[in-house]
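# Structural overview for review
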Amino acid sequence: MDLTYVRRLIDLMAHAPVTELEVEEGGCRIRIARGGGTQPAATPAPAIAAVDTGSAPVATAPAPAAPVADAVITAPSYGVFHLSPSPGAAPYVTVGQDVQAGQEVGLVEAMKVFNAVRTTQAGRIAAVLVEDGTEVEAGTPLFRLA
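Residues numbered from 1 in each chain as written. Predicted model: local features only at pLDDT ≥ 70, side-chain atom pairs only at ≥ 80, totals over all residues. Heavy atoms only, no water.

The next subject is the confidence of the model for the protein chain. For the protein chain, per-residue confidence averages 76 on the pLDDT scale, and 73% of positions sit at 70 or higher. When pLDDT is averaged over each helix and strand of the protein chain, the minimum, 38, is found for helix α2 (residues 44-60) and the maximum, 95, for strand β5 (residues 98-99). Overall, residues 36-69 carries pLDDT values under 50, and its contacts beyond four positions in sequence, including any with other chains, amount to 30 contacts. (pLDDT = per-residue confidence, 0-100. Helix = DSSP H or I, 4+ residues; strand = E, 2+ residues; numbered from the N terminus. Contact = heavy atoms within 4.5 Å.)

One open sheet holds the four strands; their spatial order is β3-β10-β8-β5, and the pairing between them is antiparallel. Lying at the two open borders of the sheet, with one neighbouring strand each, are β3 (72-74) and β5. Across two bridges, the pairing between β5 and strand β8 (residues 123-128) is antiparallel. In the sheet register, Val99 faces β8, and the bridge partner there is Gly123. (Pairing = 2+ DSSP bridges.)

Turning to the side chain of His82, a few remarks are in order. Among the structural elements, His82 can be located in strand β4 (residues 79-82). Reaching out from His82, the side chain makes a polar contact with the side chain of Glu109 at a distance of 2.9 Å. (Polar contact = N/O pair within 3.5 Å; in protein donor to acceptor, adjacent residues only side chain to side chain.)

Counting residues in hydrophobic clusters, the biggest one holds 16 residues, and the most contacted among them are Phe81, Leu142 and Phe143. Among the elements of the structure, β6 (104-110) and β10 (141-145) are those that each provide at least two residues to this core. The element that contributes the greatest number of residues to this core is β10, accounting for three residues. If we skip the residues at most four places from it in the chain, Phe143 touches Ala71, Val72, Ile73, Phe81, Leu83, Val93, Val105, Ile125, Ala127, Val128 and Leu129. Tyr5, Ile10, Val23 and Ile30 belong to the second largest nonpolar core, which has eight residues in total. (Core = buried A, V, L, I, M, F, W, Y, C linked by side-chain atoms within 4.5 Å. Buried < 20%, exposed > 50% of the residue type's maximum accessible area, 1.4 Å probe, protein only.)

Now for the packing of aromatic side chains. This structure, assessed with the given rule, holds one aromatic pair. Between the aromatic rings of Phe81 and Phe143, the centroid separation amounts to 5.8 Å while the plane-to-plane angle is 75°, which identifies the pairing as edge-to-face. Here Phe81 is found in strand β4, whereas its partner Phe143 is found in strand β10, with 62 residues between them in sequence. The pair Phe81 / Phe143 is uniform in exposure class, with both members buried. (Phe/Tyr/Trp six-rings, centres within 6.5 Å; stacked < 30°, edge-to-face > 60°.)

Let us now look at helix α1 (residues 3-14). If you check α1, its first and last C-alpha atoms are 16 Å apart, about what 12 residues at 1.5 Å a residue would give, namely 16 Å. Where α1 is concerned, the buried positions are Tyr5, Val6, Leu9, Ile10, Asp11 and Met13. (Expected span 1.5 Å × (residues − 1).)

Summed over the entire model, instances satisfying the criterion amount to three salt bridges. Ionic pairing is found between Glu104 and Arg118, a salt bridge with its closest N-O pair at 3.7 Å. With a gap of 14 residues between them, Glu104 in strand β6 and Arg118 in strand β7 (residues 113-118) connect regions that are remote in the sequence. One salt bridge in this structure joins Glu109 and Lys112, with 4.0 Å as the shortest N-O distance. Residue classification places Glu109 among the buried residues on the basis of a relative accessible area of 17%. (Salt bridge = Lys/Arg side-chain N within 4 Å of Asp/Glu carboxyl O.)

Written out as structure tokens, the structure reads:
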């Protein structure tokens, strides 16, 4: 298993209501546990998860406290960013469009799991910062609100 695959698993686990995840592929087995795991293999995983989930609040924390002109909508998790619900469909939002708090403005797909990208506050889409189909990390700025 490569590190990218392991990071995806950790990121998915960070956003899911599970405390333990075990995957076996090609003779290689990985177990990720949240909390006070006793196995040495589980000890590094929360440290990596803390780095991944720790980076998201740094990117998103300024948005609620900042003026609307500086608000940024960020990726909720690692994956491929999609501007529309399906290929060939109209995008969720376009530059200049007004949005409401909680409105879905895009999708992030990781391992065939789609996470909605939602606004944290009302505003107007000033810029789309990432192209459709781009691989993003949790906390990557996707849209700027005006």
